Amino acid sequence: VQLQAFGGGLVQAGDSLRLSCAASGRTFSSYDMGWFRQAPGKERESVAVISESGVTAYADAVKGRFTISRDNAKNTVYLQMNSLKPEDTAAYYCAARRNIMSMWAWGRGTQVTVSS
């Protein structure tokens, strides 16, 4: 599967932003999908994951502010980000895996910068 993330930008604290990730391939619906982020000087971290069955999980830092969703008809996964904070500034990547035992396949990132 090939992945391309869109929707990053420069926003102010408290603003909202929606990231999209378009995936190629006919079997998108069978993949778990995830959003990860990496800030300068920090390791990549998981932000949100949605399973092929629609079960979601979030990092504590974004719970209640971010929502991951998927549209299998459009081969797209979304990350709605509300109440953005400067600490959310990072390159955001979407990823896919066949199942919990598989490695994540990464797409190109999109930069999100939140000014205070």
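Criteria and thresholds
- Residues numbered from 1 in each chain as written.
- Predicted model: local features only at pLDDT ≥ 70, side-chain atom pairs only at ≥ 80, totals over all residues.
- Heavy atoms only, no water.
- Helix = DSSP H or I, 4+ residues; strand = E, 2+ residues; numbered from the N terminus.
- Rg over C-alpha atoms; globule rule 2.2 N^0.38 Å.
- Contact = heavy atoms within 4.5 Å.
- Areas by Shrake-Rupley, 256 points an atom, 1.4 Å probe, with all protein chains shown as cover.
- Buried < 20%, exposed > 50% of the residue type's maximum accessible area, 1.4 Å probe, protein only.
- Core = buried A, V, L, I, M, F, W, Y, C linked by side-chain atoms within 4.5 Å.
- Pairing = 2+ DSSP bridges.
- Axes fitted to C-alpha atoms, helices over the stretch in contact; angles between N-to-C directions.

S.K.: Looking at this structure, how should I read the overall build of the chain?
M.R.: Summing up its helical and strand segments, the chain has zero helices and 11 strands in all. Counting from the amino terminus, helix and strand elements in the chain follow one another as β-β-β-β-β-β-β-β-β-β-β. Scaling as 2.2 N^0.38, a compact globule of 116 residues should have a C-alpha radius of gyration of about 13 Å, and the chain matches this with 13 Å. When contacts within the chain are restricted to residue pairs at least 6 apart in sequence, long-range pairs at least 24 apart make up 54% of them. Of the roughly 6,400 Å² of accessible surface on the chain, 49% is carried by carbon and sulfur atoms.

S.K.: What is the right way to read the environment of Gly54 from this model?
M.R.: Examined against the element boundaries, Gly54 turns out to sit in the loop between strand E5 (45-50) and strand E6 (56-58). Gly54 gets classed as partly exposed once you look at its relative accessible area, which sits at 38%. Taking the C-alpha atoms as reference points, Gly54 and Ser83, separated by 29 residues in sequence, lie 24 Å from one another.

S.K.: What is the right way to look at the nonpolar core in this model?
M.R.: General note: in soluble globular proteins, nonpolar side chains tend to be found buried as a group. Counting 27 residues, the largest nonpolar core has Trp35, Leu79, Met81 and Tyr92 as its most contacted members. Elements supplying a minimum of two residues to this core: strand E1 (3-6), strand E3 (17-23), strand E4 (32-38), E5, strand E7 (66-71), strand E8 (76-81), strand E9 (90-97) and strand E11 (110-115).

S.K.: Is there a simple way to explain the sheet that holds E3 in this structure?
M.R.: Taken together, the four strands give an open sheet; going across it, the order is E1-E3-E8-E7, and neighbouring strands pair in antiparallel fashion. Strands with a single pairing partner mark the edges of an open sheet, and in this sheet they are E1 and E7. Neighbour-to-neighbour, the strand axes of this sheet turn through a mean angle of 15°, independent of strand direction. Looking at chain direction, E1 and E3 are connected through four bridges and run antiparallel. Looking at E3, one finds that Phe6 is bridged to Ser20.

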